[in-house]
Amino acid sequence: MDQRAKAVALWTMAGASLSLQGPFWAVCFFISPARRLIFIVNIPICVAGFLLSVRLNESERHPHQGLDVSGQVLWMLALTTFITAIIEWHAKEIPHSLVLGFFLFSVIMLLLFLWIEKKAGTPILPLEFFKAPVFNVLMLFGVIVNNAYYGTVFVLSLYLQGVLHYDVVRAGLAFLPLTGGFVISNIASGRLTAKFGIRLPLLVGSLLAAAGYAGLLIATPETPYWHLFIPFLVIPLGMGVAVPAMTTGILSSVEKTRSGTASAVLNTSRQAAGAMGVAIFGAMAGGGAAGIASAVRVSGIISCGSLLVVAVLIYRYIWNKKTGREVRFKDW
């Protein structure tokens, strides 16, 4: 548990350090003649990652091998049509009935996906994972964290440029505190998790991030950037403490042969939640400067409230009935 917690913290810190560089490189691409390369820069990185992953040999494999192609297709259709419906909800050139059709289609695809997963021999979403309250709470936490963060970041980018009238360079640099806080708190998370288990860093991180989102309630069309500096810093500090503990808890709660599947379910759900957060929060940011500022405040309220709710669930369920520390499926 100790070594896993430290390894996960280092992994998330590496991702956070790259997130810190993201605004800088985005600005460099934007001001250069090769700005369109920003849309393809990830392709060689993904190819390199794929080739490196092929060379890795797992020490333990799940006895059932195979690809759940139908499950993957249904999930992608459900997610894509749902996000499309949200984005196009206010589009005047698209009939309202078509948008409602997208919503209905996404629900049908989701129900088919769950039916397929229940019968599949090698499902991409093993439904037995959700029999444990601990797994459900950690999954919910991951969904809320990504939904809140990416949705809020999108709205804040509109706020910096559309309300405060920052150019692209200043807006990119203004986001540094919103990403830099991860690097600091990821280190602390590994030590806290190794010493106290996952419950304490999850509680501390969720409450700290909730306080940061609450700080966005001061956003108005006249609010200067430095008034938002503390929320910009506190949000990633809280998330950076909690996210490695969440990942460690997910991996520790299943048998080793299923840890890769559990990790994939968590990451897929988080990325889907992030995409939905951008679509939902972005749909609220209409009506000029006043509308964007209002969307920042509403996103802060939603994010803060969601994190407080999941903090209560963490306090209730992330607790080993036998030792009071580490949580595993077998303890439930």
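Residues numbered from 1 in each chain as written. Predicted model: local features only at pLDDT ≥ 70, side-chain atom pairs only at ≥ 80, totals over all residues. Heavy atoms only, no water.

1. Description of the overall build of the protein
Worth spelling out the cut-off: Helix numbering and strand numbering both begin at the N terminus, where a helix is a DSSP run of H or I of at least 4 residues and a strand a DSSP run of E of at least 2. Working definition: with a 1.4 Å probe on protein chains only, accessible area under 20% of the residue-type maximum means buried, over 50% means exposed, and in between means partly exposed. Calculation of accessible area relied on Shrake-Rupley with a 1.4 Å probe; when residues are assessed, cover is drawn exclusively from the protein chains displayed.
The helix and strand inventory of the protein stands at 11 helices and zero strands. The order of helices and strands in the protein, counted from the N terminus, is α-α-α-α-α-α-α-α-α-α-α. For the protein, the residues scored as buried account for 42% of the 332 residues in total. Just so you have it, the protein exposes about 17,500 Å², and 69% of that area is on carbon and sulfur atoms.

2. So, the environment of L216
Inclusion rule: By the convention used here, residues are in contact when the closest approach between their heavy atoms is within 4.5 Å.
Mapped onto the secondary structure, L216 falls in the loop between α8 (199–214) and α9 (229–252). Counting along the chain gives 15 residues from L216 to P231, while the straight-line C-alpha distance between them is 6.5 Å. Not counting residues up to four positions away in its chain, the partners in contact with L216 are T152, L156, L228, P231, F232, I235, V296, R297 and G300.

3. So, the nonpolar core
Where we set the bar: By nonpolar core we mean a set of buried residues, namely Ala, Val, Leu, Ile, Met, Phe, Trp, Tyr and Cys, connected to one another through side-chain atoms within 4.5 Å.
With 63 residues, the main nonpolar core has F141, Y159, L202, Y213 and L307 as its most contacted residues. Grouped together as the second largest cluster of nonpolar side chains are five residues, L79, I83, I86 and A272 included.

4. Some details on the packing of aromatic side chains
Inclusion rule: Only Phe, Tyr and Trp rings are paired, with Trp represented by its six-membered ring, and only when their centres lie within 6.5 Å; those with planes under 30 degrees apart are stacked, over 60 edge-to-face, the remainder tilted. Charge-over-ring contacts are defined here by two conditions on Lys NZ or Arg CZ: a distance within 6 Å of the ring centre and an angle within 35 degrees of the ring normal.
All chains considered together, the criterion is met by eight aromatic pairs. Consider the rings of F130 and F135, whose centres lie 5.4 Å apart with planes at 85 degrees: the pair is edge-to-face. On the basis of relative accessible area, F130 is assigned to the partly exposed category, the value being 30%. In textbook terms, an aromatic cluster arises when at least three aromatic residues are bridged by ring pairs, as seen for Y166, F175, Y225 and F232. We note R199 situated over the ring of Y315; from NZ or CZ to the ring centre the distance is 4.6 Å. Above the plane of the ring of Y317 lies R316, whose end atom (NZ or CZ) is 4.7 Å from the centre.

5. A look at the environment of R316
For R316, the position within the fold is in helix α11 (residues 288–317). Since its relative accessible area comes to 53%, R316 is described here as exposed. Each C-alpha atom, one on R316 and one on V137, is 9.7 Å from the other, the two residues being 179 residues apart in sequence.

6. Considerations on unusual backbone geometry
In this model, H165 sits at a positive phi of 60 degrees, which is unusual for a non-glycine residue. Relative to the assigned elements, H165 resides in the loop between α5 (133–162) and α6 (168–174).

7. Brief notes about a nonpolar patch on the surface
Basically, it comes down to this: Like-charged residues are merged into a patch within 9 Å and nonpolar side chains (Val, Leu, Ile, Met, Phe, Trp, Tyr) within 5 Å, provided each residue has over 30% relative accessible area and no salt bridge. For salt bridges, the criterion is a side-chain nitrogen of Lys or Arg within 4 Å of an Asp or Glu carboxyl oxygen.
On the surface, L37, I38, F39, I40, V41, I43, V47, F50, L51 and V54 cluster together to form a nonpolar patch covering roughly 960 Å² of accessible area. Along the chain, V41 turns up in the loop between α1 (2–31) and α2 (42–54).

8. Observations concerning the side chain of S252
With respect to the secondary-structure elements, S252 resides in helix α9. Under the relative-accessibility criterion, S252 is labelled buried at 4%.

9. A look at the packing of α9 against helix α10 (residues 259–283)
This is how it is decided: Axes here refer to lines fitted to C-alpha atoms; in helices the fit is confined to the stretch in contact. Angles between the N-to-C directions go from 0 to 180 degrees. Note on terminology: angles under 35 degrees are roughly parallel, angles over 145 are roughly antiparallel, angles of 65 to 115 are roughly perpendicular, and the others are oblique. Each crossing gets its handedness from the near helix: less than a right angle anticlockwise from the far helix is left-handed, clockwise is right-handed. Note on residue classes: Ala, Val, Leu, Ile, Met, Phe, Trp, Tyr, Cys and Pro are nonpolar, Asp, Glu, Lys and Arg are charged, and everything else, Gly too, is polar.
Where α9 contacts α10, the axes come no closer than 9 Å and their chain directions differ by 140 degrees. Taken together, the axes of α9 and α10 are oblique relative to one another. Where α9 crosses over α10, the handedness of that crossing is right-handed. On α10, the residues that touch V243, M246, T247, I250 and L251 of α9 are S259, A262, S263, L266 and R270. Each residue belonging to the contact of α9 with α10 can be placed in one class, and the counts come to six nonpolar, three polar and one charged.

10. Topic: the packing of α8 against α9
One way to put it is that α8 packs onto α9 with a least axis distance of 7 Å and a crossing angle of 155 degrees. In terms of axis orientation, α8 runs roughly antiparallel to α9. Considering only the axes of α8 and α9, their crossing is left-handed. Along its contact with α8, which presents P201, L202, G205, S206, L208, A209, G212 and Y213, the element α9 presents P231, V234, I235, L237, G238, M239, V241, A242, A245 and M246. When its residues are assigned to classes, the contact of α8 with α9 shows 14 nonpolar, four polar and no charged.

11. A look at the environment of N186
Among the structural elements, N186 can be located in helix α7 (residues 176–196). In sequence terms N186 and M239 are 53 residues apart; their C-alpha atoms lie 8.6 Å from each other.

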